[in-house]
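Reading the structure
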Amino acid sequence: MKIVVDLNRCQGYAQCVFLAPRVFELHGEEALMYTPQPAVEQRERVLRAAAACPVQAILVEDRAEDLAGAGAVGPDSPGGEGRSGVH
């Protein structure tokens, strides 16, 4: 799974933070931090967060291997620790 937040749309409502706190964090009033490739276990929470975004700023891309349960990115695998800063 891959997440992209559209910076032109994001208004910092933080609905994503409430629904998927292990994936999204709000720093200050408008700085959103998020994990661009969260663990597969977070899939449902991320999908709910994307659906709840008032401005539909969150794009979620499912990869075939994630849906099959193989090759999932987690905290112990490369790429699992990366976080993107969004302002």
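Anyway, here's the lowdown on the structure attached to this text. Quick caveat, the model's predicted, so the values are computed rather than measured.

What follows deals with unusual backbone geometry. The backbone phi angle of Ala-14 is positive, close to 70°, even though this residue is not glycine. In this fold, Ala-14 is placed in the loop between strand S1 (2–5) and helix H1 (15–19). With phi around 50°, Gln-56 is a residue other than glycine that occupies positive phi space. Along the chain, the position of Gln-56 falls in the loop between helix H2 (43–52) and strand S4 (58–61). For Gln-56, a relative accessible area of 44% puts it in the partly exposed group.

Another aspect to go through is the environment of Thr-35. Secondary-structure assignment places Thr-35 in the loop between strand S3 (31–34) and H2. In sequence terms Thr-35 and Val-4 are 31 residues apart; their C-alpha atoms lie 9.3 Å from each other.

This paragraph deals with the nonpolar core. Formed by 18 residues in total, the largest nonpolar core has its most connected members in Ile-3, Val-5, Cys-16, Phe-24 and Ile-58. Mapped by element, the contributors of at least two residues to this core are S1, H1, S3, H2 and S4. If one sorts the elements of this core by residue count, H2 sits on top with three residues. The residues contacting Ile-3, other than those within four sequence positions of it, are Val-23, Phe-24, Tyr-34, Thr-35, Pro-36, Pro-38, Val-46, Ile-58 and Leu-59.

Mapped onto the fold, Ala-31 is located in strand S3. Take Ala-31: its relative accessible area is 17%, and that puts it in the buried class. Distance from Ala-31 to Cys-10, taken between C-alpha atoms, is 9.9 Å for residues 21 residues apart in sequence.

Quick notes on the rules
- Residues numbered from 1 in each chain as written.
- Predicted model: local features only at pLDDT ≥ 70, side-chain atom pairs only at ≥ 80, totals over all residues.
- Heavy atoms only, no water.
- Helix = DSSP H or I, 4+ residues; strand = E, 2+ residues; numbered from the N terminus.
- Buried < 20%, exposed > 50% of the residue type's maximum accessible area, 1.4 Å probe, protein only.
- Core = buried A, V, L, I, M, F, W, Y, C linked by side-chain atoms within 4.5 Å.
- Contact = heavy atoms within 4.5 Å.

Keep in mind that these numbers describe shape and distance, not what the molecule does.
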